[in-house]
Amino acid sequence: MDDAKKLWSWWQSLLVAFRGRFTLGGWARFVQWLTGTVLCPEEHTITQILTALGLEAEWRNLERFAEYGAWDRQAVERQLMRLVEQEHPARWGKYHPVALDDTKEHRSSAKVWGPCTFHESTARSPNRATTVRAHNWVVLGDLAPGKPWTYLPVASRLYFRKSQLPLGETFQTKTALAVEMLRQADAESAAPILGAFDGAYAMSTVVKPCLVPPPGRRRIEVVTRLRKDARLYEPLQPAPKNPKGGRPRQWGKRLPGPQDHEQWPVPWQNGRAYIYGRLRNFRYKHLRCCWSVSGPQQIMAAYVFDVPGYDKLWATITSAEDLSPAQALSANGARFRQEDGFRDHKQRLGMEECRAWTKEPILRTFQVQMVAQTLLRLLQFRLDATCADAWRPAPAWNPRKRHASILDLRRLFWKHRARFTQVLAALANLKKPPQTKYHCGPPTTRAA
């Protein structure tokens, strides 16, 4: 795409959505910071961002804005959710699919605000110490169906271990933070939420609050990985009251777990779904049951999928019984797009290059990077709808490439860096609107 004016107008139309969340000067700094994050080719610190834009004179203003500027992070998150819902609403059947997981941002200094220590095995990271210091972020993002699915992060929370809680912070578990973000997404969505997450969040403290909402709130459906030794039960059938008294039964007959799926009283069936980049044939077993995590009152759909090319079976469980087996398998596989999003956040947008030391710059830097990633994907949807082949031609070394990456989008911005720099320099001259001066003293009388 060679039209820099059109590209900037689209980018500006996305940024204008956040105008009401800042003061006029604050919004100008926010736009410079966010756009500079995309344009900066090296370390994504404020100094490097402004140097890449030729705005070194604005260094003090942006640093003070990152530390002391008026910034409502919750309002920015809500606005980002509304913008995604307006630009490209994610729908899978009648549901709005979202992915939930946590990621670590390593920090080397003990003087940085908010990190916790974590133990990592040398097998996973042979060149890293077994004990690392890192920020642990719980992140929620939309999953837009397609070939492939697209991940758009919209909300995040910083988790602290209770024994390493910073002064003045309130302790919340990861599961409580997860439910809080799911409820926030549900409040901004026109369709009911379908939460896709790993087995680490398949706990009663997440599943039960989703399936049994507070009064006036919608039920949030879930799809997640099922442990091989999960406790499954037959739905309890209504029975007459025992004349001898005693406590009534809560659970039905115990069923074999996924590791003993051959004992399930259901046959193998065949299906076809888009998984991991291509259409795949698979076979599956479907069991209607109750799950110990969700409680005896909730009927769940448990699956065991046998996908060719994978050694292990995929055990999946969902509360959305109206999803077909192919839809449940695709939604569960799509959550791995969030892992790709974490990689882009770290390698392309500077998550692992953060040099902030105090609370507000740390929280705001992560949010700026997250918003930049989502806005790039929204811009990609516009580009694909108008000039898909023109803006990202297949490279010579990969002529079969069909899907755009975050790096492709950043290269498009780099192509028009000079034009963007001129506009961002003009934003630096924005002034606050003139204020009317009111006379607060006693009224004066004019001499006749």
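Reading guide: rules and limits
- Residues numbered from 1 in each chain as written.
- Predicted model: local features only at pLDDT ≥ 70, side-chain atom pairs only at ≥ 80, totals over all residues.
- Heavy atoms only, no water.
- Helix = DSSP H or I, 4+ residues; strand = E, 2+ residues; numbered from the N terminus.
- Buried < 20%, exposed > 50% of the residue type's maximum accessible area, 1.4 Å probe, protein only.
- Contact = heavy atoms within 4.5 Å.
- Arc of directions from axis to C-beta.
- Axes fitted to C-alpha atoms, helices over the stretch in contact; angles between N-to-C directions.
- Parallel < 35°, antiparallel > 145°, perpendicular 65-115°, else oblique.
- Left-handed = near helix turned anticlockwise from the far one by under 90°.
- Pairing = 2+ DSSP bridges.
- Phe/Tyr/Trp six-rings, centres within 6.5 Å; stacked < 30°, edge-to-face > 60°.
- Lys NZ or Arg CZ within 6 Å of the ring centre and 35° of its normal.
- Salt bridge = Lys/Arg side-chain N within 4 Å of Asp/Glu carboxyl O.
- pLDDT = per-residue confidence, 0-100.

1. Notes on the overall build of the chain
Consideration 1: The helix and strand tally for the chain stands at twelve helices and twelve strands.
Consideration 2: Overall size of the chain, expressed as C-alpha extent along the three principal axes, is 100 × 70 × 50 Å.
Consideration 3: Sorting the 448 residues of the chain into buried and exposed places 51% on the buried side.
Consideration 4: In the chain, the proportion of contacts linking residues at least 24 apart, taken out of those at least 6 apart, comes to 67%.

2. What about helix H9 (residues 337–347)?
Consideration 1: Looking at H9, one finds that the buried residues are Gln338, Gly341, Phe342, Asp344 and His345. End-on view of H9: buried residues confined to an arc of 160 degrees, all on one side of the axis.

3. Quick word on the packing of helix H5 (residues 73–87) against helix H6 (residues 174–188)
Consideration 1: Between H5 and H6, the shortest axis-to-axis distance is 9 Å and the interhelical angle comes to 50 degrees. For the element pair H5 / H6, the angle class is oblique. Taken as a pair, H5 and H6 cross one another with a handedness that is right-handed. Contacts between H5 and H6 involve Gln74, Glu77, Arg78, Met81, Arg82 and Glu85 from the former and Gln184, Ala185 and Glu188 from the latter.

4. Quick look at the environment of Leu255
Consideration 1: Checked against the element boundaries, Leu255 lands in strand E8 (residues 254–255).
Consideration 2: Between the C-alpha atom of Leu255 and that of Pro265, which follows or precedes it by ten residues, the distance is 9.5 Å.
Consideration 3: Those residues in contact with Leu255 that sit more than four places away from it in its chain are Leu232, Tyr233, Glu234, Leu287 and Cys289.

5. Considering unusual backbone geometry
Consideration 1: In this chain, Lys147 is followed by Pro148 through a cis amide linkage whose omega measures 5 degrees.
Consideration 2: Mapped onto the secondary structure, Pro148 falls in the loop between strand E3 (131–144) and strand E4 (150–159).
Consideration 3: The phi torsion at Tyr276 lies on the positive side, around 55 degrees, for a residue other than glycine.
Consideration 4: Looking at the secondary structure, you find Tyr276 in the loop between strand E9 (269–275) and strand E10 (278–291).

6. Quick notes on the pairing of strand E1 (residues 96–106)
Regular strands have side chains that alternate between both faces of the sheet.
Consideration 1: Taken across its eleven residues, E1 has nine buried, putting it largely inside the fold.
Consideration 2: Inspection of the sheet shows E1 paired to strand E5 (residues 193–197) by five bridges, in the parallel sense. Within E5, the residue paired with Pro97 across the bridge is Leu194.
Consideration 3: Of the strand pairs in this sheet, E1 and E3 are connected by nine bridges, and their pairing is antiparallel.

7. Here's the deal with the packing of aromatic side chains
Consideration 1: Within the structure shown, the criterion is met by 25 aromatic pairs.
Consideration 2: Ring centres 4.7 Å apart and planes at 25 degrees place the aromatic pair Phe22 and Phe30 in the stacked group.
Consideration 3: Residue class for Phe22 comes out buried when judged on its relative accessible area of 7%.
Consideration 4: Given a relative accessible area of 0%, Phe30 falls into the buried group.
Consideration 5: Ring centres of Tyr151 and Phe342 lie 6.4 Å apart, and the angle between their planes is 75 degrees; this geometry places the pair in the edge-to-face category. With a gap of 191 residues between them, Tyr151 in strand E4 and Phe342 in helix H9 connect regions that are remote in the sequence.
Consideration 6: Residue classification places Tyr151 among the buried positions, given a relative accessible area of 5%.
Consideration 7: For Phe342, a relative accessible area of 5% corresponds to the buried category.
Consideration 8: Among the aromatic side chains, those forming a connected cluster through ring pairs are Phe18, Phe22, Phe30, Trp33, Phe65 and Trp71.
Consideration 9: The ring of Phe118 is capped by Lys104, whose NZ or CZ atom sits 4.8 Å from the centre of that ring.

8. Things to note about the pattern of salt bridges
Consideration 1: Summed over all chains, the structure comprises 25 salt bridges.
Consideration 2: Between Arg82 and Glu188 there is a salt bridge; the shortest N-O distance is 2.8 Å. A residue pair is termed long-range when its members are at least 10 positions apart, and Arg82 in helix H5 and Glu188 in helix H6 qualify at 106 residues.
Consideration 3: With relative accessibility at 35%, the residue Arg82 sits in the partly exposed group.
Consideration 4: Salt bridges sharing common partners tie together Arg73, Glu360 and Arg364.

9. Thoughts on the confidence of the model for the chain
Consideration 1: Averaged over every residue, the pLDDT of the chain is 89; residues scoring 70 or more account for 94%.
Consideration 2: Contacts from residues 437–441, a stretch scored under 50 in pLDDT, to residues over four places away or in other chains number zero contacts.
Consideration 3: Below a pLDDT of 50 lies the segment residues 443–448, which in the model reaches zero contacts outside its immediate sequence neighbourhood of four places, other chains included.

10. What to know about helix H8 (residues 325–334)
Consideration 1: Within H8, eight of the ten residues are buried, leaving the element largely enclosed by the surrounding structure.
Consideration 2: The set of residues buried in H8 consists of Pro325, Ala328, Leu329, Ser330, Ala331, Asn332, Gly333 and Ala334.

11. Section: the pairing of E3
Consideration 1: For E3, the tally of buried residues reaches twelve of 14 residues, placing the bulk of the element in the interior.
Consideration 2: As judged from the nine bridges shared by E3 and E4, these two strands associate in the antiparallel manner. Among the inter-strand pairings, Gly141 is bridged to a residue of E4, identified as Pro153.
Consideration 3: Between E3 and the antiparallel strand that follows it, E4, lie five residues.

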